[in-house]
Amino acid sequence: MQAALGEAERDLQRLVDARVTVTEVLAGPPSVVTEPMGSAVAGSTVPRRETGMAATALAPDYQRILSVLESEAGREGMRCQQLAVALGLEAIPAKVEGLRSKAKRLVERGWALQVRPGVFTAPAVPAL
């Protein structure tokens, strides 16, 4: 009986210690989590474009799309079917729709513009 009581007291003390630790952590200054400004890897999310942010922050697929949109061919805007051909992809519905999704994501995050429905181009000010 004495051994069980001693074990229960140790368990209770561990809980008290854990509660104190949690209270200290929550009372401390908030930590700031920043996204890395380095280059991205394939499959990573598209960060919101900020001043001074380079296109290298984008995953390679998005960098390729942006480079085509920034090229002479993309200045007036490109439809996703044209974009697929420019990227060397088959202009089949699956590929075109995948590009449309990526192009819209670039627009949402400030990396590209949608000048007309279904027509995409790079912003007038190039990424620094």
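Everything quoted here is computed from the prediction, not taken from an experiment.

> Could you clarify how one ought to interpret the overall build of the chain in this entry?
Helices and strands together make up the secondary structure of the chain, namely four helices and three strands. Tracing the chain from N to C terminus, the helices and strands come up as α-α-β-α-α-β-β. Within the chain, buried positions represent 25% of all 128 residues. Of the contacts made within the chain by residues no fewer than 6 positions apart, 45% connect residues no fewer than 24 positions apart. As presented, the chain carries roughly 9100 Å² of accessible surface, and 58% of it is formed by carbon and sulfur atoms.

> Can you help me understand a nonpolar patch on the surface in this one?
A surface patch of nonpolar side chains, about 370 Å² in accessible area, is lined by Leu12, Leu15, Val16 and Val20. If you trace the backbone, Val16 turns up in helix 1 (residues 2–27). Residue Val16 is classed as partly exposed on the basis of its relative accessible area of 40%.

> Help me understand the environment of Gly110, please; the structure alone is not making it clear to me.
Position of Gly110 relative to the elements: it lies in the loop between helix 4 (93–108) and strand 2 (113–116). A sequence separation of twelve residues divides Gly110 from Ala122, and the C-alpha atoms of the two residues are 9.5 Å apart. Once residues within four sequence positions are removed from consideration, Gly110 is found in contact with Arg49 and Pro123.

> How should helix 4 be read in this particular structure?
At 3.6 residues per turn, the α-helix brings residues three or four places apart onto the same side. Here helix 4 contains 16 residues, and its C-alpha end-to-end distance of 22 Å stays within 8% of the 22 Å for a straight helix at 1.5 Å per residue. If you check which residues of helix 4 are buried, you get Val96, Leu99, Ala103 and Leu106. All buried residues of helix 4 lie within an arc of 80° about the axis, which places them on one face of the element. Residues Pro93, Ala94 and Glu108 are exposed on helix 4 and point more than 90 degrees away from its buried face. Those residues of helix 4 that are buried are in contact with helix 2 (60–70), helix 3 (80–86) and strand 3 (119–121). With its phi angle positive at about 90°, Gly110 sits one or two positions after the end of helix 4.

About the thresholds
Position numbers for residues start from 1 in each chain and track the written sequence from start to end. It should be noted that, the model being predicted, local features are given only for residues of pLDDT at least 70 and side-chain atom pairs only at 80 or more, the latter also being counted only at that level, while totals for whole chains, interfaces and linings use all residues. The side-chain quantities take in all heavy atoms of the structure and omit both hydrogens and water. Helical segments are the DSSP runs of H or I of at least four residues, strand segments are the runs of E of at least two, and each set is numbered from the N terminus. Only protein chains enter the calculation, and the probe is 1.4 Å; a residue is then buried if its accessible area is under 20% of its type maximum, exposed if over 50%, and partly exposed in between. Residues count as neighbours in contact if any of their non-hydrogen atoms are within 4.5 Å of one another. Surface accessibility follows the Shrake-Rupley procedure with a 1.4 Å probe radius. Residue values consider only the protein chains on display as shielding. Without a salt bridge and with relative accessible area above 30%, a residue can belong to a patch; like charges are then joined within 9 Å and nonpolar side chains (Val, Leu, Ile, Met, Phe, Trp, Tyr) within 5 Å. The working definition used for a salt bridge is a side-chain nitrogen of Lys or Arg within 4 Å of a carboxyl oxygen of Asp or Glu. One fewer than the residue count of a helix, multiplied by 1.5 Å, yields its expected span. In this description, one arc is meant: the one made by directions from the helix axis to the C-beta atoms.

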